Amino acid sequence: LLINIRTYDDHALILYAHDNFNNFIHLYITNTNEVVYLYNYGSEVVNLTVTNNELNSGKSIQIAVIKSETSTILHVNEFNATLDKGVLLLEEYSNKPWTNPEMEVLSPHRPPAPTVMYFQLNLAGYDPSNLLRVNNNSLDGLVGCVRGLKIGENLIDLPELAKTSEAHESDGVLADCQMYCDAEPCKNGGICTENFSKKEVNTVLCNCEHTSFLGEFCMEEKGAEFSGESGLQRKYSLTGKVDELKLQLAFSSGDLR
């Protein structure tokens, strides 16, 4: 399994797939910087987690899961983790399949009797009538960009899938993973963030705090030149109790003094 995401989310679904025997894989992000891969190893729910501090930065994150009969490896960019539990599938249906059900995050409906054979894949979101949150979980759908989904040797055409599949909800799924921030609208070291949920308008926000510039795109010059005998003085009228005063100064000089 190979997938690329870009998001500012810190707790959201990436992918959930399951079959009629309750075999499942579940990929999600949580705790700001963790990618979690849940899957069943027979009747046991197994957790494989990798931490990446750039996960919710809007940068491109490549996630790969490599499974064999004896091991499972989760890669998140240059970080990875391995478990010595690979592929062990359930071959009989049960409506209480797990020895550790407290590990489960999402769950399909499990009637007392077996259902017909099926396989279902949920990407970036799910229909609450089909999948249930369990164990007081609050997992939501992903707000961001999913690019390059590959399952085995099959590369999935996501825009085409959104148009032609029987997806319960395709509104809000737009073709193309281009971001306004890719054009670097925030100048002079400003940090760019954009709202993925409102892609129809330019919703870039530039954080100029750690620059010496102001304005919507950190382009307003607020500097002044000093000759060495000049200076500026400003008085502030402070009312009430003042617990903290913050002064940020950026300067450059070619004078050795």
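Here the structure is a predicted model, which is why all the values come from computation and not from measurement.

Attention shifts here to the overall build of the chain. Per the secondary structure count, the chain includes one helix and 17 strands. Here the C-alpha coordinates of the chain stretch approximately 85 × 40 × 40 Å along the principal axes. Put simply, the chain has 257 residues, and 33% of those count as buried. Taking as baseline every contact in the chain between residues at least 6 positions apart, the subset at least 24 positions apart corresponds to 54%. Carbon and sulfur atoms make up 51% of the accessible area of the chain, which totals about 16,800 Å². Side-chain charges of the chain comprise 19 positive and 35 negative groups, with the mean position of each set lying 7 Å from the other.

Averaged over the chain, the pLDDT score is 89; the fraction of residues at 70 or greater is 95%. Mean pLDDT across the secondary structure elements of the chain bottoms out at helix α1 (residues 158-164), with 75, and peaks at strand β4 (residues 34-41), with 98.

This part is about the packing of aromatic side chains. Inspection of the entire model under this criterion finds three aromatic pairs. Among the aromatic residues, those joined into a ring-pair cluster are Y16, F24 and W98.

A few words now on the sheet that holds strand β3 (residues 24-30). Taken together, five strands build an open sheet; the order of strands is β5-β4-β3-β2-β10 and the sheet is antiparallel. The open sheet has two edge strands with one neighbour each: β5 (44-51) and β10 (119-123). Going from strand to strand, the sheet's axes swing by 10° on average, the running direction of each strand aside.

How each quantity is defined
Residues numbered from 1 in each chain as written. Predicted model: local features only at pLDDT ≥ 70, side-chain atom pairs only at ≥ 80, totals over all residues. Heavy atoms only, no water. Helix = DSSP H or I, 4+ residues; strand = E, 2+ residues; numbered from the N terminus. Buried < 20%, exposed > 50% of the residue type's maximum accessible area, 1.4 Å probe, protein only. Contact = heavy atoms within 4.5 Å. Areas by Shrake-Rupley, 256 points an atom, 1.4 Å probe, with all protein chains shown as cover. Lys, Arg positive; Asp, Glu negative; His and termini not counted. Charge placed at Lys NZ, Arg CZ, Asp CG, Glu CD. pLDDT = per-residue confidence, 0-100. Phe/Tyr/Trp six-rings, centres within 6.5 Å; stacked < 30°, edge-to-face > 60°. Pairing = 2+ DSSP bridges. Axes fitted to C-alpha atoms, helices over the stretch in contact; angles between N-to-C directions.

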